[in-house]
Amino acid sequence: SVNKAFCNATGLGQEQVVGKMVNQVIPEPSLTMVLGKYKQAINEKKIIRWEEISVYPAGRLTGAVSITPAFDDTGYCTHLVGTVHDITERKRAEEALRESERQAHALAKENADLVREVNHRVGNNLYLLLILLQSELAHARSQEARDLAQDVHGRVQSMSTVHKLLQGSHWQP
């Protein structure tokens, strides 16, 4: 027997499933794997579970499958009882989440590269500004110019120190 949910999910009609052999219902390449799982369940006399991807008239589906062998009094397997839970949407959501995470990591790397580049440029500009101010101090013609250059030099030196602390830089002006 087969329930309506299976028929809806696969696009198969009940008449295409009930009374048919497994190779008439399950498409390759899944069929070979499924037959191996059936054999394993019978040989090991236990429930076997797996995930499987199959292409049916309704499209590509991912199922969480469970097969239980049923034995008679003599130990002969008389039939298999199976369930398939359609986990296609869950798998799609998981893949979308993984893709989102990959994109977030790529963006984070791009942002880290950008931050490094900005940090490098800011550090270099601060260093060049300090050199220019030191030169201005050495060549200032008036006390007022020297005082201004000294004040600006001190401020740039403070900015440089803060920059190094924030960025963990080993650069020394």
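Residues numbered from 1 in each chain as written. Predicted model: local features only at pLDDT ≥ 70, side-chain atom pairs only at ≥ 80, totals over all residues. Heavy atoms only, no water.

1. Some details on the pairing of strand E3 (residues 77–86)
Successive residues of a regular strand alternate their side chains across the two faces of the sheet. Relative to E3, strand E2 (residues 59–71) runs antiparallel, the two sharing nine bridges. Within E3, the residue paired with isoleucine 67 across the bridge is glycine 82. The antiparallel hairpin formed by E2 and E3 contains five residues in its connecting segment, where glycine 75 sits at a positive phi of about 90 degrees. (Pairing = 2+ DSSP bridges. Helix = DSSP H or I, 4+ residues; strand = E, 2+ residues; numbered from the N terminus.)

2. A look at the packing of aromatic side chains
What the rule picks out here adds up to one aromatic pair. Ring plane angle 75 degrees and centroid distance 6.3 Å describe the contact between phenylalanine 6 and tyrosine 56, whose orientation is recorded as edge-to-face. Of the two residues, phenylalanine 6 sits in helix H1 (residues 4–10) while tyrosine 56 sits in strand E1 (residues 48–56), which places them 50 residues apart along the sequence. (Phe/Tyr/Trp six-rings, centres within 6.5 Å; stacked < 30°, edge-to-face > 60°.)

3. Some points on the layout of surface pockets
Of the voids in this model, the largest pocket is the one considered here, and its volume is about 1100 Å³. Along the wall of the largest pocket there are 35 residues; nearest its centre are Ser1, Phe6, Val17, Gly82 and Val84. If you list the elements that add at least two residues to the lining of the largest pocket, you get H1, helix H2 (22–25), helix H3 (30–44), E1, E2 and E3. Classifying every residue of the lining of the largest pocket gives 21 nonpolar, eleven polar and three charged. (1 Å grid on protein atoms, 1.4 Å probe; cavity = no way out; pocket = protein on both sides within 12 Å on 5 of 7 lines; lining within 4 Å. Points joined across faces, edges and corners; volume = space filled by probe spheres on them. Nonpolar A, V, L, I, M, F, W, Y, C, P; charged D, E, K, R; others polar.)

4. Remarks on helix H5 (residues 143–167)
Between its first and last C-alpha, H5 extends 36 Å over 25 residues, near the 36 Å set by a 1.5 Å rise per residue. For H5, the complete set of buried residues consists of Ala149, His153, Val156, Ser160, His163 and Lys164. (Expected span 1.5 Å × (residues − 1). Buried < 20%, exposed > 50% of the residue type's maximum accessible area, 1.4 Å probe, protein only.)

5. Focus on the confidence of the model for the protein chain
Taken as a whole, the protein chain shows an average pLDDT of 87; of its residues, 97% reach a score of 70 or greater. Here residues 169–173 is a poorly scored stretch, pLDDT under 50, and it has 13 contacts once near neighbours within four places are set aside; other chains count. (pLDDT = per-residue confidence, 0-100. Contact = heavy atoms within 4.5 Å.)

6. Notes on the packing of helix H4 (residues 88–139) against H5
To characterise two packed helices, one gives the angle between the axes of the helices and the distance between these axes. The N-to-C vectors of H4 and H5 enclose an angle of 155 degrees; their axes lie 9 Å apart at closest approach. Compared by their axis directions, H4 and H5 come out roughly antiparallel. Remark: the crossing between H4 and H5 carries left-handed chirality. In this structure, H4 uses Val115, Asn119, Val122, Gly123, Leu126, Leu129, Leu130, Leu133, Gln134, Glu136 and Leu137 to contact H5, whose residues at the interface are Arg146, Ala149, Gln150, Val152, His153, Val156, Gln157, Met159, Ser160, His163 and Gln167. (Axes fitted to C-alpha atoms, helices over the stretch in contact; angles between N-to-C directions. Parallel < 35°, antiparallel > 145°, perpendicular 65-115°, else oblique. Left-handed = near helix turned anticlockwise from the far one by under 90°.)

7. Here's the deal with the pattern of salt bridges
Within the structure shown, the criterion is met by 13 salt bridges. Where glutamate 94 meets lysine 91, a salt bridge forms, and the shortest distance between an N and an O atom there is 3.6 Å. Note that glutamate 94 and lysine 91 are positioned in helix H4 at a spacing of three residues, about one turn of the helix. Judged by relative accessible area, which is 25%, lysine 91 ranks as partly exposed. One salt bridge in this structure joins arginine 121 and glutamate 117, with 2.6 Å as the shortest N-O distance. Of this pair, arginine 121 and glutamate 117 both sit in helix H4, four residues apart, roughly one helical turn. (Salt bridge = Lys/Arg side-chain N within 4 Å of Asp/Glu carboxyl O.)

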